[in-house]
Protein chains: 2
Amino acid sequence: MLLVDIGNTNYHIYDNGKITHLKDIRAFGRKLYYISVNSKKEQKLVELNPKAVNLAGYVRFDTRYKGLGIDRIMACKTISDGVVVDAGSAITVDVMESSVHKGGVILPGVYAFKKAFGTISEVLNFNPSPLSPQLPDSTQEALNWGSIGAVVCVIEKVSQNKKVFFTGGDGKIFEEYFKNSEYIEDLVFRGMLKTIEEMEKK
Amino acid sequence: MLLVDIGNTNYHIYDNGKITHLKDIRAFGRKLYYISVNSKKEQKLVELNPKAVNLAGYVRFDTRYKGLGIDRIMACKTISDGVVVDAGSAITVDVMESSVHKGGVILPGVYAFKKAFGTISEVLNFNPSPLSPQLPDSTQEALNWGSIGAVVCVIEKVSQNKKVFFTGGDGKIFEEYFKNSEYIEDLVFRGMLKTIEEMEKK
């Protein structure tokens, strides 16, 4: 059995505990469950793997949020209490209380910030680095505070004293700023596995 | 006498208290002082107005920040104590204490956030609106919190209890979230006028 999380940029593949990231997809000839936030990439996966099962139709999840992305649902599904941060192309911050989703925030991802600064002016050339404790005294650090620092600021505001669970390619960049936190590489896949379990119990 | 603040996107013109914004520049045939953060736009202005005086060579300003933009220097120059926020293509947040610049932050501007979200996914279509008090329950509001809200969060963190002075095309969007604040349309030009005064006293 293979799990595929189709993101905005990559296919994330979970094969018996091992995670890989692919720009492009192929025929796997195996039982395959997937979720997707990118319809073009999804179409390609289904063409090559016609028996693939989209888990979006089977997941149960309690939220008042209209149109919550399936990747965010899966990332939150195994967390009963805490804040879930998925840092990829976009950075999502979602709050879970007693297994109920209370709402969430979407920020640009690290690369999106870098590109945004670059299109404003070629002078605003930014490479993420650890945040300085004192107010920035250089453009590099000013951009760092205005991107990495802005994301940290929003997570702090939303999380207050709750535990923060990080996942996604850039999750570790942010995890270090939070004492009560954990990085879980396969958080989305845990939600997918739980959904499959629930399907099979029916 | 005409003042011109050449930004990343527009020429901002100050003519005896009246401010206009031009995409393109022309020959004015008048005494003209300017500052610039955009060398291409500056070249065009100087070609058409060969006697234009760049105030960057004349300004005195106390800071430990290396390479502080001339527009930020001018916006801060007439503020002895407080936080200066210039919200244009980029959003700069600078701290002044006893007429000394203590450092600052650069965030993407509102339009840069909008573009950044749009390039991540066409689903992330964002139009700025007033921030909801409770945690977002829709993508529109989640993006609003992740852009307008992120900027407000950083300004709050940097400003603490200091007065915040807003300027720039989008300054009013952010000013409403701060009790101890003021919007000053001509803040950069006030700094330019003060610099000219200081030049003439010499």
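Refer to the preceding data block for the structure.
Every value quoted in this text rests on a predicted model; they were computed, and no experiment measured them. (Residues numbered from 1 in each chain as written. Chains lettered and ligands numbered in written order. Predicted model: local features only at pLDDT ≥ 70, side-chain atom pairs only at ≥ 80, totals over all residues. Heavy atoms only, no water.)

Undergrad: Got a minute to help me understand the nonpolar core in this structure?
TA: One recurring pattern in soluble globular proteins is that nonpolar side chains are buried together. Formed by 118 residues in total, the largest nonpolar core has its most connected members in Val93 and Phe174 of chain A together with Val93 and Phe174 of chain B. Once residues within four sequence positions are removed from consideration, phenylalanine 174 of chain B is found in contact with Ala87, Ile91, Val110, Ile148, Val151, Val152 and Phe166 of chain B. (Core = buried A, V, L, I, M, F, W, Y, C linked by side-chain atoms within 4.5 Å. Buried < 20%, exposed > 50% of the residue type's maximum accessible area, 1.4 Å probe, protein only. Contact = heavy atoms within 4.5 Å.)

Undergrad: Sorry if this is basic, but what is going on with the interface of chain B and chain A here?
TA: In many reports, interface size means the accessible area that the parts give up when they come together. Chain B puts 41 residues into the contact, and the matching count from chain A is 41 residues. Summed over both sides, the interface between chain B and chain A buries roughly 3,300 Å², with carbon and sulfur atoms accounting for 65% of that surface. Remark: the boundary between chain B and chain A carries six salt bridges. Among the ionic pairs, arginine 64 of chain B bridges to aspartate 137 of chain A, the shortest N-O distance being 2.8 Å. Across the contact surface, chain B and chain A share 16 residue pairs in polar contact (both at pLDDT 80 or more). Listed by contribution, the elements that provide at least two residues to the side of chain B that touches chain A are β7 (90-97), β8 (100-108), α3 (110-120), α4 (139-145) and α5 (148-159) of chain B. Here the side of chain B that touches chain A is built from residues that sort into 22 nonpolar, 12 polar and seven charged. (Buried area = accessible area lost by both parts, 1.4 Å probe. Salt bridge = Lys/Arg side-chain N within 4 Å of Asp/Glu carboxyl O. Polar contact = N/O pair within 3.5 Å; in protein donor to acceptor, adjacent residues only side chain to side chain. Helix = DSSP H or I, 4+ residues; strand = E, 2+ residues; numbered from the N terminus. Nonpolar A, V, L, I, M, F, W, Y, C, P; charged D, E, K, R; others polar.)

Undergrad: Whenever I open this one, the packing of aromatic side chains confuses me. Can you help?
TA: How two aromatic rings sit relative to each other is set out by the distance from centre to centre and by the angle between their planes. Under the criterion given, the structure shown has nine aromatic pairs over all chains. One aromatic cluster is present, built from ring pairs that chain together Phe113, Phe117 and Phe126 of chain A together with Phe113, Phe117 and Phe126 of chain B. (Phe/Tyr/Trp six-rings, centres within 6.5 Å; stacked < 30°, edge-to-face > 60°.)

Undergrad: What is the right way to read the relation of the copies chain B and chain A from this model?
TA: In this arrangement, two copies of a chain are superimposed by a rotation about an axis accompanied by a shift along the axis. Once turned by 180° and shifted 0.0 Å along the axis, chain B lies on chain A with an RMSD of 0.0 Å. Expressed as a symmetry operation, the mapping of one chain copy onto the other fits a two-fold axis. (Least-squares fit on C-alpha atoms with pLDDT ≥ 70 in both.)

Undergrad: Teacher, can you tell me more about the environment of lysine 66 of chain B here?
TA: Along the polypeptide, lysine 66 of chain B turns up in the loop between β5 (53-54) and α2 (70-77). On the basis of relative accessible area, lysine 66 of chain B is assigned to the exposed category, the value being 54%. As for lysine 66 of chain B and glycine 103 of chain B, which are separated by 37 residues in sequence, their C-alpha atoms are 9.5 Å apart. Not counting residues within four places of it along the chain, the set of residues in contact with lysine 66 of chain B comprises Asp137, Ser138 and Thr139 of chain A.

Undergrad: Help me out: how do you make sense of the side chain of serine 121 of chain B in this one?
TA: As for its placement among the helices and strands, serine 121 of chain B is situated in the loop between α3 and α4. A distance of 3.1 Å separates the side chain of serine 121 of chain B from the backbone nitrogen of valine 123 of chain B, its partner in a polar contact.

Undergrad: Got a minute to help me understand the sheet that holds strand β1 (residues 2-6) of chain B in this structure?
TA: Two pairing modes exist for strands in a sheet, parallel and antiparallel, and in both the strands are linked by backbone hydrogen bonds. Residue and element names in this part refer to chain B. Read across the sheet, five strands follow the order β3-β2-β1-β4-β5 without closing on themselves; strand pairing throughout is mixed. Looking along the sheet, the strands with just one partner apiece sit at the ends: β3 (18-22) and β5. Helix α1 (residues 39-48) rests against β1, β2 (11-15), β4 (32-36) and β5 of the sheet, and its axis sits at about 165° to β4. The strands touched by helix α7 (residues 187-201) are β1, β2, β3 and β4; relative to β1, the strand with the most contacts, the crossing angle is about 125°. (Pairing = 2+ DSSP bridges. Axes fitted to C-alpha atoms, helices over the stretch in contact; angles between N-to-C directions.)

Undergrad: Got a minute to help me understand the state of the cysteines in this structure?
TA: What is meant by a disulfide is a covalent connection between two cysteines, made through their sulfur atoms. Per the stated rule, a full pass over the model turns up one disulfide over all chains. A sulfur-sulfur separation of 2.2 Å characterises the disulfide bridge that pairs cysteine 153 of chain A with cysteine 153 of chain B. Here the disulfide of cysteine 153 of chain A and cysteine 153 of chain B is left-handed, its torsion about the S-S bond being about -95°. With cysteine 153 of chain A in helix α5 (residues 148-159) and cysteine 153 of chain B in helix α5, the pair connects residues from two separate chains. What makes cysteine 153 of chain A buried here is its relative accessible area of 5%. No disulfide involves cysteine 76 of chain B; its nearest neighbouring cysteine sulfur is the one of cysteine 153 of chain A, lying 20 Å away. (Disulfide = S-S within 2.5 Å.)

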